[in-house]
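The lines below spell out each chain.
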Amino acid sequence: MNRILYLFLIPFVLFANEPLDIVLAGDPVLRIRARELLPEEILSPEIQKLIEDMKVTMRAAPGVGLAAPQIGKPIRLVVVEDIYMDWFTPEQLKERGRFHVPFHAIINPILTIEENSNQLEFFEGCLSIPHFLGVVPRAEAVRVECLNERAEPVVIQAKGWYARILQHEIDHLDGTLYLDRAILSTLVTEDNYKKFWKDKTIQEVKDCLQ
Ligand code: ZN
């Protein structure tokens, strides 16, 4: 009986998506301009599997976005999903404009900052620079024209934290890391972020660290 069950499970184990290794800062792939994908490439089994693999990798990390260069592929493909509403208090969620964003892929994006958009400053981290966070000014509202995972054209109008995620991930496709845009004196380790800064306002953080 056990052997039958074991044999039954083997195909699922063989075909299950495993998290991919995340490339860390210092790898040249994080500093080059990634190339566009052709619509027929997007629909290919290889890219469809890569999107699934990136979803599994992002969830395992866990993270709210992952760009293809971060798994060593210099192509203009990003996955996004924000389901971690319990990381913050309701007040912090409201302040960040943070809400549930379902999983989706973004391909060949063109990002535009919305006219009259405010600049907002919050702590940000990156799976390719683990265990650190820094305050990064970002536009509050952006528009992204791109293709989705079915190679269909899509226009995304995003505000708040979703707009921040899009700016961070699309930066990866042009070889830009959040540290290039961060207020470097606010760079903190994850442990010190939790110990000293998690519940402080950004102004309090800047008053102490800048
Ligand atoms: Zn990143």
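This text gives an overview of the structure that appears in the document. (Residues numbered from 1 in each chain as written. Predicted model: local features only at pLDDT ≥ 70, side-chain atom pairs only at ≥ 80, totals over all residues. Heavy atoms only, no water.)

1. Observations regarding the overall build of the protein chain
From N to C terminus, the protein chain includes seven helices and eight strands. Computed over its C-alpha atoms, the radius of gyration of the protein chain comes to 19 Å, within 12% of the 17 Å expected for a compact globule of 210 residues. Projecting the C-alpha coordinates of the protein chain onto the three principal axes gives extents of approximately 65 × 40 × 35 Å. A separation threshold of at least 6 residues defines the contact pool for the protein chain, and within that pool the share at least 24 residues apart is 67%. When the accessible area of the protein chain is evaluated, it comes to approximately 11,700 Å², of which 58% is carbon and sulfur surface. Charge-centre separation for the protein chain: the mean point of 23 positive side chains lies 2 Å from the mean point of 31 negative side chains. (Helix = DSSP H or I, 4+ residues; strand = E, 2+ residues; numbered from the N terminus. Rg over C-alpha atoms; globule rule 2.2 N^0.38 Å. Contact = heavy atoms within 4.5 Å. Areas by Shrake-Rupley, 256 points an atom, 1.4 Å probe, with all protein chains shown as cover. Lys, Arg positive; Asp, Glu negative; His and termini not counted. Charge placed at Lys NZ, Arg CZ, Asp CG, Glu CD.)

2. Considerations on the sheet that holds strand 4 (residues 119-124)
Ordered by their spatial adjacency, three strands build an open sheet running 4-5-8, and the pairing between neighbours is antiparallel. Looking at the sheet topology across the chains shown, the edges are occupied by strand 4 and strand 8 (188-189). In terms of strand pairing, strand 5 (residues 132-139) meets strand 8 through two bridges, oriented antiparallel. Bridge assignment links Leu 133 to a residue of strand 8, and that residue is Val 188. (Pairing = 2+ DSSP bridges.)

3. Details of the sheet that holds strand 2 (residues 77-82)
Taken in spatial order, the five strands make up an open sheet running 1-2-3-6-7, and their pairing is antiparallel. Both outer strands of the open sheet, strand 1 (65-67) and strand 7 (153-159), are each paired with one neighbouring strand and no more. Sheet twist, expressed as the mean angle between neighbouring strand axes with direction ignored, is 40°. Bridge count between strand 2 and strand 3 (residues 101-113): five bridges; the pairing is antiparallel. Of the residues in strand 3, the one forming a bridge with Leu 77 is Ile 107. (Axes fitted to C-alpha atoms, helices over the stretch in contact; angles between N-to-C directions.)

4. Remarks on the coordination of the zinc ion
Binding of the zinc ion to the protein goes through Cys 126 (SG), His 168 (NE2) and His 172 (NE2), at separations of 2.1 to 2.3 Å. Mapped onto the sequence, the donors of the zinc ion take the spacing C-x41-H-x3-H. One end of the pair, His 168, and the other, His 172, are both in helix 5 (residues 160-172), four residues apart, so they sit about a helical turn from each other. Residue classification places His 168 among the buried residues on the basis of a relative accessible area of 7%. Taking relative accessible area as the criterion, His 172 reaches 1% and is therefore assigned buried. (Donors = N, O, S within 2.8 Å, 3.2 Å for Na, K, Ca; no water. Buried < 20%, exposed > 50% of the residue type's maximum accessible area, 1.4 Å probe, protein only.)

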